[in-house]
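Observations on the three-dimensional arrangement
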Amino acid sequence: MRLLLLIILVCINLFNVELIAQRFANPIDPTGIEKPAYLGAIIGLGQNFQSGSMYVDCANCEFIDGNKFNFTLGIFYEKTIFTGFLAGADALFSTGGLKSSFMENENIAVTDASSNFQENVVIPFRHTADLSLQDLSIIPYIKIEPFNFLYFKVGLSYNTNLSSNLTHTKELLKKEVTLSNGVVTKVQLANYKGNVAKIQDGEYKELEKSYLAINPSIGFNIPFDKERKIMFSPWITYYLPLSKMATNSQDFKINKWLIMLSLGFKL
């Protein structure tokens, strides 16, 4: 009988099943206090923004202050531990990245084709780095509800990069120049069609494949019924990486803020 009881208790713990039986009150678990669990879906929109410097396959090319739109989709599970205190986890897929640019003046030799006259002219260029990322995040968290309608939560996010692509382009900004002999001549990129040269396009190999982040959040509970069987929740979260995210960088991190919407169903 003791062995059978032990097996039953282990099964209850593994599958998170509560037996319907007579319960006795105690200071930790008073009789009649419900400990609901919720399972649901999450969708979020927000912005990634860069801290530190990102380098690419180009001498003296340093990109800062990048930003880009972020879209997030996922699921969550949470369980009430005691009144006003919950624990759970989010599993999120996000797509985003960064886009940053800077202008550079280069001293370029320009030749007048009609007279073969050549001289050096300062030409402005715009460098643009467009980084696209797809990440998977697992975020265990604790959640505090000081009121039924308001909550705070904080999680530790383990993020894994699923795919990345970095495109670096160089755009010619000045189409005509006036030489010292008074001739106005057109300027174009050598070996490229148009005014934009694609210098790099491929996987961002220096990107760290995984990293940790702290995720503080604040949100609101909006139940659809008195029994709180369906819970809608808008919330705001912030991602703060704990380490740099690329080997060829100077404290390069991708921070982000997101406005999230979740819909939970009581189990």
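Now for a look at the structure at hand. Given the structure is predicted, the values throughout are model-derived calculations rather than measurements. Every chain is numbered independently, its residues counted from 1 as its sequence is written. Given that the model is predicted, a residue must reach a pLDDT of at least 70 before its local features are reported, and side-chain atom pairs must reach 80 or more before they are shown or counted; all residues, however, enter totals for whole chains, interfaces and linings. Where side-chain values are given, they derive from all heavy atoms of the structure, hydrogens and water being excluded.

1. Focus on the overall build of the protein chain
What the protein chain contains, in helices and strands, is one helix and 13 strands. Taken from N to C terminus, the helices and strands of the protein chain fall in the order α-β-β-β-β-β-β-β-β-β-β-β-β-β. Only protein chains enter the area calculation, which uses a 1.4 Å probe; residues under 20% of their type maximum are buried, those over 50% are exposed, and those in between are partly exposed. Each of the 267 residues in the protein chain was classed as buried or not, and the buried ones make up 36%. Contact criterion: two residues are considered in contact whenever any of their non-hydrogen atoms come within 4.5 Å of each other. In the protein chain, of all internal contacts separated by at least 6 residues, the share reaching a separation of at least 24 is 68%. Under the convention used here, a 1.4 Å probe and the Shrake-Rupley method define accessible areas, while residue burial counts only the protein chains that appear. When the accessible surface of the protein chain is summed, it comes to about 15700 Å², and 62% of that surface belongs to carbon and sulfur atoms. We count a stretch as a helix when DSSP gives it H or I for four or more residues in a row; a strand needs E for two or more, and each element gets its number in order from the N terminus.

2. Focus: the packing of aromatic side chains
Working definition: a ring pair exists when centres of Phe, Tyr or Trp rings (six-membered ring for Trp) sit within 6.5 Å. Plane angles under 30 degrees give stacked, over 60 give edge-to-face, the rest tilted. Per the counting criterion, the structure on display carries four aromatic pairs. Relative to Y238, the ring of F49 lies with its centre 6.1 Å away and its plane at 45 degrees, an arrangement referred to as tilted. Note that F49 is positioned in strand β1 (residues 37-55) and Y238 in strand β12 (residues 230-241), a separation of 189 residues in sequence.

3. Structural notes on unusual backbone geometry
With a phi angle near 55 degrees, R228 is a residue other than glycine that sits in the positive phi range. Of note, R228 is situated in the loop between β11 (222-223) and β12. The class of R228 is partly exposed, set by a relative accessible area of 24%. Its identity as a non-glycine residue notwithstanding, D251 has a phi of 55 degrees, on the positive side. Along the chain, D251 turns up in strand β13 (residues 249-266). A residue is classified by how much of its surface remains accessible, and D251, at 53% relative accessible area, is exposed.

4. What about the nonpolar core?
Generally speaking, nonpolar side chains in soluble globular proteins are found buried as a group. Residues belong to a common nonpolar core when they are buried Ala, Val, Leu, Ile, Met, Phe, Trp, Tyr or Cys residues joined through side-chain atoms within 4.5 Å. Judged by nonpolar contacts, the single largest core of 17 residues is most densely connected at M54, L131, L166, Y204, F252 and I254. Elements with a minimum of two residues in this core: β5 (117-147), β10 (210-220) and β13. Among the elements that take part in this core, β5 stands out by supplying three residues, more than any other. For M54, the contacting residues outside a window of four places in its chain are C61, E62, F63, A129, L131, L166, Y204 and F252. Listed in part, the twelve residues of the second largest apolar core include I42, I139, Y141 and L258.

5. Regarding the environment of L39
Mapped onto the secondary structure, L39 falls in strand β1. Other than its neighbours up to four places away in sequence, L39 contacts F76, Y77, L263, G264, F265 and L267.

6. Quick notes on the side chain of T80
Within the element layout of this structure, T80 appears in strand β3 (residues 67-82). For the purposes of these results, a polar contact is taken to be a pair of N or O atoms within 3.5 Å, where, inside protein, one atom must be able to donate a hydrogen and its partner to accept one; residues adjacent in sequence count only when each atom of the pair is a side-chain atom. One polar contact links the side chain of T80 to the main-chain carbonyl oxygen of P36, over a distance of 3.0 Å. If near-sequence neighbours (up to four positions away) are discounted, T80 is found in contact with K35, P36, F85 and L86.

7. Concerning the pattern of salt bridges
A side-chain nitrogen of Lys or Arg and a carboxyl oxygen of Asp or Glu constitute a salt bridge if their distance falls within 4 Å. In the structure shown here, the tally under the stated rule is seven salt bridges. Salt-bridge contacts for K68 lead to D130; the nearest nitrogen and oxygen are separated by 2.7 Å. With a gap of 62 residues between them, K68 in strand β3 and D130 in strand β5 connect regions that are remote in the sequence. Overall, the relative accessible area of 23% leaves D130 in the partly exposed class. One salt bridge connects R126 with E171, and the closest N-O pair in it is separated by 3.0 Å. On the criterion of sequence distance, the pair formed by R126 in strand β5 and E171 in strand β6 (residues 150-172) is long-range, its members being 45 residues apart. Overall, the relative accessible area of 29% leaves R126 in the partly exposed class.

8. Some thoughts on the pairing of β3
Bridge count between β1 and β3: 13 bridges; the pairing is antiparallel. Within β3, the residue paired with Q47 across the bridge is F69. Strand pairing is assigned whenever DSSP detects at least two bridges linking the two strands. Alignment of β3 against strand β4 (residues 85-112), held across twelve bridges, turns out to be antiparallel. Among the inter-strand pairings, T80 is bridged to a residue of β4, identified as L86. Hairpin connection, β3 to β4: the antiparallel pair is bridged by two residues, and G84 has positive phi, about 85 degrees.

9. Details of the state of the cysteines
Working definition: a disulfide is two cysteine sulfur atoms within 2.5 Å of each other. Considering all chains together, one arrives at one disulfide under this definition. At a sulfur-sulfur separation of 2.2 Å, the disulfide partner of C58 is C61. A relative accessible area of 4% means that C61 is categorised as buried.

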